[in-house]
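Results of the structural survey
In case you want the letters, here they are:
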Amino acid sequence: MSTASAAYPIGTPGIPWGEAERAQWLSRQIRQRSYESDVLSVIERLRSRFDVHEYGCLEYGPDVYPLMAIRSRNWRADRPVVLITGGVHGYETSGVHGALQFVEQHALDYAGRVNLLVAPCVSPWAYERIHRWNANAVDPNRSFRDDGQAGESAALMQLVASIAEPILLHVDLHETTDTDETEFRPALAARDGKPFEPGDIPDGFYLVDDTENPQPEFQQSVIEAVEKITHIAPADDKGEIIGSPAVARGVIQYPLAQLGLCTSMTNARYRTTTEVYPDSGRVTTEQCNAAQVAAVCAAIDYAVSVG
């Protein structure tokens, strides 16, 4: 779909934000849902079947957020590690709930075959406020690098660095929404003092592979599983999806490490970022969550079978 946006209401066009503009932006952010009710309560229910680990804690003013990860109970050094992350962008709801739904419904199916590590809500402050950035107006999904400015990203990187076993697979669960074009990209342009250039939002599910380590057969195995749940985003008239060339049906590539994206923080052979489209009139919330679950299961099945 194509969308357009008026000038962003904060800042002066052409001038990057300073502290005053960031404070003004922060004052507009309102808690709209509960991390404790939606995420922590679910994780608590899982304690009887999985190990639960607090890998960090974020403090934004009076708000304190424990960062939680779920691990296979019988972790063994001779099994490969599968890393699942959700909620790096807190507003991308099915990434969070899809990760939790996978653990509840399917994680035990892989017991004895892989070590599972799931961080279902990497950015809880943003989850509660249905936003892309953290409270400092920083995008965690551009901060997975040594000089990254997001505490959310740094904490997750430290957790992953503590794992001695080889990581075979990393699936990072995301959404592309209409508000990317109406709110978040205009805000980004305003924050950085750049002009906003309207674009298109793909209608459907797609994946992001790594330019430097493409795995086309792996990516297509995920696409084939997900299309049983929801439709796959077609390329536009230029052969692109969200401004990048479609290298296969429903697949684009980004230079993950160069951009500081979440899936760049491991040397896993298999890495993918899912992108669900929740604003389509052709899907329900349940289908969006199910699409994330299907993607995770298909990714693990392929990685384990091929190695």
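Residues numbered from 1 in each chain as written. Predicted model: local features only at pLDDT ≥ 70, side-chain atom pairs only at ≥ 80, totals over all residues. Heavy atoms only, no water.

Examining the packing of aromatic side chains
By the definition in use, this model includes 11 aromatic pairs. Taking 5.5 Å as the distance between ring centres and 50° as the angle between the ring planes, the aromatic pair formed by Trp25 and Trp133 counts as tilted. Taken together, the residues span a long stretch of sequence, with Trp25 in helix H1 (residues 19-27) and Trp133 in the loop between helix H4 (124-129) and helix H5 (151-161) at a distance of 108 residues. Assessed through its relative accessible area of 0%, Trp25 is described here as buried. Under the relative-accessibility criterion, Trp133 is labelled buried at 2%. Ring geometry for Tyr270 versus Tyr302: centroids 5.7 Å apart, planes at 85°, classification edge-to-face. Placement of the pair is Tyr270 in strand S10 (residues 270-276) and Tyr302 in helix H9 (residues 285-306), with a sequence separation of 32 residues. Comparing Tyr270 with Tyr302 shows no difference in burial state: the two are buried. Feature note: the residues Tyr8, Trp17, Trp25, Tyr60, Trp125 and Trp133 constitute an aromatic cluster, connected by ring pairs. The ring of Trp75 carries the charged tip of Arg71 above its face, separated from the ring centre by 3.9 Å. Above the plane of the ring of Trp133 lies Arg191, whose end atom (NZ or CZ) is 4.9 Å from the centre. (Phe/Tyr/Trp six-rings, centres within 6.5 Å; stacked < 30°, edge-to-face > 60°. Helix = DSSP H or I, 4+ residues; strand = E, 2+ residues; numbered from the N terminus. Buried < 20%, exposed > 50% of the residue type's maximum accessible area, 1.4 Å probe, protein only. Lys NZ or Arg CZ within 6 Å of the ring centre and 35° of its normal.)

Observations regarding the nonpolar core
With 82 residues, the main nonpolar core has Tyr55, Phe102, Leu156 and Leu169 as its most contacted residues. It is H9 that provides the largest number of residues to this core, a total of 10 residues. Counting seven residues, the second-largest nonpolar core is a separate cluster that includes Tyr206, Val208, Ala233 and Leu256. (Core = buried A, V, L, I, M, F, W, Y, C linked by side-chain atoms within 4.5 Å.)

Some points on the pairing of strand S6 (residues 206-210)
Judged by how many residues are buried, S6 sits mostly within the fold: five of five residues are covered. Burial along S6 is two-sided: the residues Tyr206, Val208 and Asp210 and Leu207 and Asp209 are all buried. Strand direction decides the pairing type here: S6 and S10, joined by three bridges, are antiparallel. Bridging from a neighbouring strand, Val208 pairs with Thr273 of S10. (Pairing = 2+ DSSP bridges.)

Overview of the state of the cysteines
Taken as a whole and assessed by the stated rule, the structure comprises zero disulfides. Cysteine Cys121 is unpaired, with the sulfur of Cys262 as its nearest cysteine sulfur at 12 Å. Taking relative accessible area as the criterion, Cys121 reaches 2% and is therefore assigned buried. With no disulfide partner, Cys297 has as its closest neighbouring cysteine sulfur the one in Cys288, 17 Å distant. (Disulfide = S-S within 2.5 Å.)

Digging into the sheet that holds strand S5 (residues 167-175)
Spatial strand order, S1-S2-S4-S3-S5-S10-S6-S9: eight strands in an open sheet with mixed pairing. The open sheet has two edge strands, strand S1 (51-60) and strand S9 (251-254), and neither has a second partner. Between one strand and the next, the sheet's axes are offset by a mean angle of 20°, whatever the strand orientation. Note that strand S3 (residues 81-86) and S5 share six bridges and pair parallel. If you follow Leu83 over to S5, its bridge partner there is His170. Sitting on the sheet, helix H3 (residues 93-106) is in contact with strand S2 (63-71), S3, strand S4 (115-119), S5 and S10, with an inclination near 135° to S5. Across the sheet, H9 touches S3, S4, S5 and S10, and the angle it forms with S5 is around 165°. (Axes fitted to C-alpha atoms, helices over the stretch in contact; angles between N-to-C directions. Contact = heavy atoms within 4.5 Å.)

As for the UniProt feature "domain: Peptidase M14" (unreviewed entry) in the protein
The positions UniProt marks with the feature "domain: Peptidase M14" (unreviewed entry) are residues 31-307. Across residues 31-307, the secondary structure splits into 34% helix and 21% strand, with the terminal C-alpha atoms separated by 43 Å. (UniProt positions renumbered as here; feature names shortened; annotations may be inferred.)

What about unusual backbone geometry?
Even without a glycine there, the phi angle at Ile130 is positive, about 55°. With respect to the helices, strands and loops of the structure, Ile130 is situated in the loop between H4 and H5. The phi dihedral of Ala137 falls on the positive side, at around 60°, and the residue is not glycine. In this fold, Ala137 is placed in the loop between H4 and H5. The exposure class of Ala137 is buried, given its relative accessible area of 0%.

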